[in-house]
Amino acid sequence: MATRKKTNTKKRKVGNRTSKKNNKIPLKERLDNVYNDERYRFFSGIFISLFSIYLLLAFVSYLYNWGTDQSQFSIPFLKYIADPDIVVENSTGKIGARIAHFFIYKLFGIASFAFLFVLGLFGLSLIKIKPMSIKKSSKFIAFGIIWTSVTLSFFIGKSLPILGGDAGYKISNWLSSFMGGIGTVLLLLIILFAFLFFTIDGFLLKLSGIFKNLPETIKNVNISAPLNQNEKKMSENSEVENIEPDNKNISKRVVIDLDTNEPLETVNRRNFVLNDNGEEKNPNNELGFEIKNTNTEEEETDSEIKNAVENAEVLDDKLNGRLALNVEKNNDILTDNISNESLEDYDPTLDLSTYKRPPIELLEDHKSDDAEVTNAELISNKNKIVETLKNYKIEITKIKATIGPTITLYEIIPAPGVRISKIKNLEDDIALSLAALGIRIIAPMPGRGTIGIEVPNLKPKIVSMRSVISSAAFQKTKFELPIAMGKTISNETYVVDLAKMPHLLVAGATGQGKSVGLNVVLASLLYKKHPSQVKFVLVDPKKVELTLYERIEKHFLAALPDAVEAIVTDNQEVIKTVSSLNVEMDARYMLLKNAKVRNIIEYNKKFISRKLNPNNGHKYLPYIILVIDEFADLIMTSGKEIELPIARIAQLARAVGIHLIVATQRPSTNIITGVIKANFPTRMAFKVASMIDSRTILDSPGANQLIGRGDMLITKGSDIIRLQCAFVDTPELDEITEYIEKQQGYPMPFLLPEPETGEESTGDLDVGKKDELFEEAARMIVGLQQGSTSLIQRKLAIGYNRAGRIVDQLEAVGIVGPSKGSKARDVYYQDEYSLEQLLNSL
């Protein structure tokens, strides 16, 4: 027995030694682990940044003292360092002087200062301060160092060696002996031009903007990147947009071992190899964790953005000059449906030909440097998800993470035989293990063959309005009414067309981003459309949410002829406004019928090509967008009187270019009725209080699991997409509206037609226009001896406007007296007998 125990002990010792050998991590991987340590990166960043400042002082001091210290640099390096009797004039000592001598004298002269710039950028990037992209600027810096050194050496020679450096002198000397002086100058110019031509988008266009005397044909050379193609296309179509460079999203795809949690870059190199079919496989047969980081962006500098806007404005000025035709041409008498090729197309923007869209600089970036998802957070969430699933005996084969601005989507592939419903039921358990709000499980992910688990980031990222407006998705869109709502989980700008929705229903609890969402919709259209192309009818019962847009009433707003304010804030005026839109809708349908077209796009295209005669009532039709900020308040005060005309507009107005955007913070069934939901296929939900409210707005749960602050779900039928709504602050909107207000506008807001109302004047009652509830209301007033509009509204369960009309009718026939302000009206009939005699005589 003793012998057997000793043998087992020996085996255990040998096994421990073997396991230690097997667990020994290679030096390269250990170095990678140290590099990925946040503490090491921060310390290294501070050290490198300070060292770059030290070298900057050494380089500057060398420029003044290089001649005095020159004799010391011929001494061998070890003796130079060790001998205390050797003294230099450089303010940074012998080390700084020697380094400066090597870079400036031996290498590239004063161009070597660019090395310090790159070193400083690298140090700042390690501590997460990124003033500009190192990768983007490195090619310019490398070319600039060599080209500047060679050029200075060629023209100055060795008379002042610190300007071009020894390396630059040797290269220029070789070129001179090979090609001669003139050939070298031409070669340097050609190399500079070629570099700028192939690295700067639209170089020829920008060059022609500087030198006005260059031939006009150079400006139209179609050899540039997409930005110049857009500019050329705009010039051909007589449309100008403020094109902004798009932020390029770089996806970082890495695989991490699920058991060892090794750093991302290390495992990406070691853990996956290719099989015989060229596909990735895991040689250790281990579970992998794939991370797709969509938040890494190459920043565009302010100068580039400014140049892009200036280019668009140059085109705008030229187009306005070319299109500055006499406005009277638009009123020439034409025959119906006969095109006159001798006349140019009608341009509705000529009325405000000098109008310019707001520049992108009015919007702020709202960047937060610390709002990044760290590797530690990803690995921690992954481990907790896997551990929770293992506790319930659910095995998975792979996890993939996609990092978004607000949430991270973890897609898992369950092992064969695992039921999806089993994972779906663990939603609360996963939320408990992660200690996070807003956990949402999508089982399965449509078209992906995975199960999605959406987990909020510890530090959400703000999606600025500037980032979505300047994106290529918004700038290059051909939508009629484009709206840049925000960014998806994959960090892509989400752009929708309001004309195809065709109406939008917005719901969300107070303070969850609903009003900001409305401002995003309006700001998107202000950045994309001309005042002649779109008009807004704004209804703001709160009286504070949409008042900023009152400044642009002569540019973009529509109102009733007798309206005191262009923005409707009184609930009693809303019914008149909606009734007026019904009249406008019917009138537009008559125009479409006479023009023999089916929708507003075909009609306007026909009118622009001068195939419709303005003398026959035809005119250019702008889009009209009715925005109601608090729909629940209207339903409570007006009931069916407001619901039915809105439902009629929602059913019929799409073809004539009238669209609705309705917002409410109470998505209950008595507010969002079946009639409303049936005509609003596109619905947008911010965070709501309960699952019932989520089902009311989206017909499915999910909105109750959002995290707020712009986190939203949007559905256009069956698919539900999660977005982070863009953020636009009040000062930004203030600057946008102020910029538009300062430009020339129309003499007055766009006038809507007079509404069809049943209001009576104080005189004889027209029996044909008597309200159906007139007699019932009269009997009730006489019976209670109290002439009050609110009493009729409450007892007969009707809206305030209708009750007011009934009271006016009662006053016209002499049943009640005139208004006394806050007091009830006098009742002139004391008994029902005399009242019945009056009613029979009417």
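1. Quick notes on the overall build of the protein
So, step 1. Looking only at helices and strands, the protein has 30 helices and 19 strands in total.
So, step 2. For the protein, restricting intrachain contacts to residue pairs at least 6 apart in sequence, the fraction spanning at least 24 positions comes to 68%.
So, step 3. On the protein, roughly 42500 Å² of surface is accessible, and the fraction owed to carbon and sulfur atoms is 55%.

2. A word on unusual backbone geometry
It is generally the case that most residues other than glycine have a negative phi and that most peptide bonds are trans.
So, step 1. At the junction of A443 and P444, the peptide bond is cis and its omega measures out at -10 degrees in the coordinates.
So, step 2. Among the secondary structure elements, P444 is positioned in the loop between β7 (440–442) and β8 (451–456).
So, step 3. For the bond from M501 to P502, the omega torsion is -5 degrees, close enough to zero to count as cis.
So, step 4. In this fold, P502 is placed in the loop between β10 (493–497) and β11 (504–507).
So, step 5. Positive phi outside glycine occurs at K596, with the angle close to 60 degrees.
So, step 6. Note on placement: K596 falls in the loop between α20 (571–595) and α21 (600–608).

3. Describing the packing of aromatic side chains
So, step 1. This structure, assessed with the given rule, holds 10 aromatic pairs.
So, step 2. Geometrically, the ring pair formed by F51 and Y54 is stacked, given 6.2 Å between the ring centres and 25 degrees between the ring planes. Here the residue F51 and the residue Y54 both occupy positions in helix α3 (residues 38–69), the gap between them amounting to three residues, near one helical turn.
So, step 3. We classify F51 as partly exposed; its relative accessible area is 32%.
So, step 4. Between F59 and F113, the ring centres sit 5.5 Å apart and the planes meet at 85 degrees, which makes this aromatic pair edge-to-face.

4. Quick word on the packing of helix α19 (residues 514–528) against helix α26 (residues 730–741)
So, step 1. It is at 12 Å that the axes of α19 and α26 come closest, and there the two elements cross at 35 degrees. The way α19 lies across α26 gives a crossing that is left-handed. Only L733, I736 and I740 of α26 make contact with α19, whose side of the interface consists of N519, A523, L526 and Y527.

Calculation notes
Residues numbered from 1 in each chain as written. Predicted model: local features only at pLDDT ≥ 70, side-chain atom pairs only at ≥ 80, totals over all residues. Heavy atoms only, no water. Helix = DSSP H or I, 4+ residues; strand = E, 2+ residues; numbered from the N terminus. Contact = heavy atoms within 4.5 Å. Areas by Shrake-Rupley, 256 points an atom, 1.4 Å probe, with all protein chains shown as cover. Phe/Tyr/Trp six-rings, centres within 6.5 Å; stacked < 30°, edge-to-face > 60°. Buried < 20%, exposed > 50% of the residue type's maximum accessible area, 1.4 Å probe, protein only. Axes fitted to C-alpha atoms, helices over the stretch in contact; angles between N-to-C directions. Left-handed = near helix turned anticlockwise from the far one by under 90°.

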